[in-house]
There are 2 protein chains.
Amino acid sequence: MGALAREGTVMREEERREAQAYTIRELEATGVVLTDEERAAIEVTDFGLGRLRETGLQLLVYVNTERHCAKELVLYPRQTCAEHRHPPFDRTPGKEETFRCRRGIVYLYVDGEATSEHACEPPGGVYTVWHEIALRPGEQHTIPPNTLHWFQAGADGAVVSEFSTASRDDLDVFSDPEVRRV
Amino acid sequence: MGALAREGTVMREEERREAQAYTIRELEATGVVLTDEERAAIEVTDFGLGRLRETGLQLLVYVNTERHCAKELVLYPRQTCAEHRHPPFDRTPGKEETFRCRRGIVYLYVDGEATSEHACEPPGGVYTVWHEIALRPGEQHTIPPNTLHWFQAGADGAVVSEFSTASRDDLDVFSDPEVRRV
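Quick caveat: nothing in here was measured; it's all calculated off a predicted structure. Residue positions are counted from 1 within each chain, in the order its sequence is given. Written order determines the labels here, with chains lettered from A and ligands numbered from 1. A pLDDT threshold of at least 70 governs which residues receive local features in this predicted model, and a stricter bar of 80 or more applies before side-chain atom pairs are shown or counted, although totals over entire chains, interfaces and linings include all residues. Values reported for side chains reflect all heavy atoms of the structure, with hydrogen atoms and water molecules removed beforehand.

Engineer: Looking at this structure, how should I read the pairing of strand E4 (residues 80-85) of chain B?
Structural biologist: Residue and element names in this part refer to chain B. A 1.4 Å probe rolled over the protein chains alone gives each residue an accessible area, and that area as a share of the maximum for its type sets the label: buried under 20%, exposed over 50%, partly exposed in between. Numbered from the N terminus, helices here are DSSP runs of H or I no shorter than four residues, and strands are runs of E no shorter than two. By the criterion of burial, E4 is predominantly enclosed, with 5 of the 6 residues buried. Whether two strands pair depends on DSSP finding at least two bridges between them. The pairing of E4 with strand E8 (residues 149-164) spans 3 bridges and is antiparallel. Each residue of the ladder has a partner; that of His-84, found in E8, is His-149.

Engineer: For this particular structure, what's the right way to read the nonpolar core?
Structural biologist: Nonpolar side chains in soluble globular proteins generally cluster together in the buried interior. Residues enter a nonpolar core if they are buried and are Ala, Val, Leu, Ile, Met, Phe, Trp, Tyr or Cys, with the set joined through side-chain atoms within 4.5 Å. Among the nonpolar cores identified, the biggest contains 32 residues, and Leu27(A), Tyr62(A), Leu27(B) and Tyr62(B) are the most heavily contacted of them. Looking at this core, the elements with two or more residues in it are helix H1 (3-29), strand E2 (57-64), strand E3 (69-75) and strand E8 (149-164) of chain A together with helix H1 (3-29), strand E2 (57-64), strand E3 (69-75) and E8 of chain B. Between two residues, a contact is recorded if the distance between any of their heavy atoms is within 4.5 Å. Not counting residues up to four positions away in its chain, the partners in contact with Leu27(B) are Val32(B), Leu34(B), Leu60(B), Glu72(B), Val74(B) and Val159(B).

Engineer: What am I meant to see in the packing of aromatic side chains here?
Structural biologist: Ring pairs (aromatic) are described by centroid distance and by the angle formed between their planes. Pairing of aromatic rings covers Phe, Tyr and Trp, the last through its six-membered ring, and needs centres within 6.5 Å; plane angles under 30 degrees mean stacked, over 60 mean edge-to-face, and all others mean tilted. Inspection of the entire model under this criterion finds 17 aromatic pairs over all chains. With 5.7 Å between their ring centres and 10° between their planes, Phe163(A) and Tyr62(B) make a pair best called stacked. Within this pair, whereas Phe163(A) is found in strand E8, its partner Tyr62(B) is found in strand E2, the two belonging to separate chains. For the pair formed by Phe163(A) and Tyr62(B), the shared burial category is buried.

Engineer: For this particular structure, what's the right way to read the interface of chain B and chain A?
Structural biologist: Contacts between chain B and chain A engage 30 residues on the former and 30 residues on the latter. Computed with a 1.4 Å rolling probe, the buried area is the accessible surface lost when two parts are put together, summed over both parts. In total, chain B and chain A occlude about 2300 Å² of area from one another, counting both sides; carbon and sulfur atoms represent 50% of this. For the chain B face of the interface with chain A, the top three residues by lost area are Arg67(B), His68(B) and Phe163(B), together amounting to 28%. Whenever a carboxyl oxygen of Asp or Glu lies within 4 Å of a side-chain nitrogen of Lys or Arg, that contact is scored as a salt bridge. Applying the counting rule to chain B against chain A returns 4 salt bridges. For the salt bridge of Arg102(B) with Glu72(A), the shortest nitrogen-to-oxygen distance reads 3.7 Å. Counted as a polar contact is a pair of N or O atoms within 3.5 Å, where, for protein atoms, one must be capable of donating a hydrogen and the other of accepting one, and residues adjacent in sequence contribute only when both atoms are in side chains. Summed over the shared surface of chain B and chain A, the number is 18 residue pairs in polar contact (both at pLDDT 80 or more). Among the elements of the structure, E2, E3, strand E5 (97-110), strand E7 (140-143) and E8 of chain B are those that each provide at least two residues to the side of chain B that touches chain A. Split into classes, the residues belonging to the side of chain B that touches chain A amount to 10 nonpolar, 13 polar and 7 charged. Following the grouping adopted for this structure description, the nonpolar residues are Ala, Val, Leu, Ile, Met, Phe, Trp, Tyr, Cys and Pro, the charged ones are Asp, Glu, Lys and Arg, and the polar ones are all others, Gly among them.

Printed below as a string of structure tokens:
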């Protein structure tokens, strides 16, 4: 491994730790109490693009069985979760999920009539659905399975609870072929 | 309707409103942001026994589809949710649920080896399972479908998030034949 590659790896590890610390601060500011195991298990993904603050997501999975799942999603200011859908698997229609905003604002984009003056510009990548649903604290929206969607936090970041059927991140289908979730 | 019955009805309506107000205060103290519609939709059940503070439960249902469900449960100090199980229905094994404590302590009792020195005495009624799991903020436990369980809050009450498969309260099977959930 060359010096450059090693340097890159170190950078990403620092970025990951920074993102975990940010996630803990944001969750605690929302009133969420975490165990030490949960703090250590916070996931950070840059979707394989290497620009975490633009395209990325921080997650804490509370539970994920074959039948039900719950997570907290935390976003940096203006961070975007890349466009994707949850396809059918194991004779189920695929993941059905409810997003409930807890802190900040999250702009959710789903399939449907395009919103003419949308609040967000996506970062580089492939974005095809433009029906905007703005969620402020206490507001929520349920996304049917196999429906394209992406979301971006407002200027102060966002904390979003996700309630759903079983989650299989490895099966997610992204619109941008360069994106890798797992 | 006689004067006594009417007086009883008025009392219960006041009790219900008091319980809704308590629930709102507890949820807000936990950091939960509610919409006005949600505040008005808080459910209060005394399980048909007429002793709400002893045997009862306050709930806010965020979402309940045919596939996933999320609620907040709020308990008065030492209030007990009567023993019950969620039986199979519609070719599913029945409701599978995760309880996550957010505030206070909740003592959960499930089928399994009896805990010798348990923290709670149940109120009047039928209680048959005695395996105790104490949940403090940030701690959680998943209950398989069709498993008998009951729970009681500690001395300061409790706020508990519930993540689950579809919820069908009307199908709940209570150990005490006098209990009526719906």
